[in-house]
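Here is what each chain is made of, one letter per residue.
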Amino acid sequence: GDFDSLLEKSDIISLHFPLSDKSRNLIDINTMKKMKNTALLINVARGPVVNQQALYEALVYGNLAGAGLDVMIKENFSEETYKEFSKALEECLK
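I will try to describe carefully the structure that is included in this document.

1. Topic: the pairing of strand 1 (residues 12–15)
Thinking step 1. Burial along strand 1 is one-sided: the face carrying I13 and L15 is buried and the face carrying I12 and S14 is not.
Thinking step 2. Both strand 1 and strand 2 (residues 40–43) contribute to a ladder of 4 bridges, which runs parallel. Looking at strand 2, one finds that I12 is bridged to L40.

2. A closer look at helix 3 (residues 52–60)
Thinking step 1. Of all the positions in helix 3, only Q52, A54, L55, A58 and L59 are classed as buried. Around the axis of helix 3, the buried residues are gathered within 155 degrees of arc, so they sit on the same side.
Thinking step 2. Where helix 3 begins, the capping side chain belongs to N51, and its oxygen is found 3.1 Å from the backbone nitrogen of Q53.
Thinking step 3. Following helix 3 by one or two positions, G62 has its phi on the positive side, about 80 degrees.

3. Quick notes on the pattern of salt bridges
Thinking step 1. Counted according to the given criterion, the structure contains 2 salt bridges.
Thinking step 2. Where D4 meets K34, a salt bridge forms, and the shortest distance between an N and an O atom there is 2.9 Å. One end of the pair, D4, is in helix 1 (residues 2–9); the other, K34, is in helix 2 (residues 29–34), and 30 residues separate them in sequence.
Thinking step 3. Among the residues examined, D4 registers a relative accessible area of 26% and is labelled partly exposed.
Thinking step 4. Residue classification places K34 among the partly exposed positions, given a relative accessible area of 33%.
Thinking step 5. Residues D11 and K36 are paired through a salt bridge, measuring 2.7 Å at the closest nitrogen-oxygen approach.

Calculation criteria
- Along each chain, residues carry numbers from 1 onward, in the same order as the chain's sequence is written.
- Only residues with pLDDT of 70 or above have their local features reported here, since the model is predicted, and side-chain atom pairs are shown and tallied only from 80 upward, although totals for entire chains, interfaces and linings are computed over all residues.
- Side-chain measures were taken over the full set of non-hydrogen atoms in the model, leaving aside hydrogen atoms and water.
- Only protein chains enter the area calculation, which uses a 1.4 Å probe; residues under 20% of their type maximum are buried, those over 50% are exposed, and those in between are partly exposed.
- Going along the chain from the N terminus, every DSSP run of H or I of four or more residues is numbered as a helix, and every run of E of two or more is numbered as a strand.
- Between any two strands, pairing holds if DSSP finds at least two bridges.
- Taking the helix axis as origin, the arc is that swept by the directions to the C-beta atoms.
- Polar contacts, as used here, are pairs of N or O atoms within 3.5 Å; protein pairs need one atom able to donate a hydrogen and one able to accept it. Residues neighboring in sequence count only if both atoms are side-chain atoms.
- Only one rule defines a salt bridge in this text: a Lys or Arg side-chain nitrogen within 4 Å of an Asp or Glu carboxyl oxygen.

Take a look at the structure:
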């Protein structure tokens, strides 16, 4: 459909919508696999719109070029989790 086409063709996906049952985990591993591996994902909607584990894996394995996150599901990460996520984001910048 149109959403799949948008994912496949876009260089940047920027999310700006409220959280609902329909939008929760809208961006998961399946949607990220449809995106270009050179694409950037920007989430300024609500944290649960993006599946964080899937995002982490997409960044680590090179399925996405990078991500800009204004919000997360959980704002207070452990130091170890923060370092892992930061390392994945830094790898995208190389």
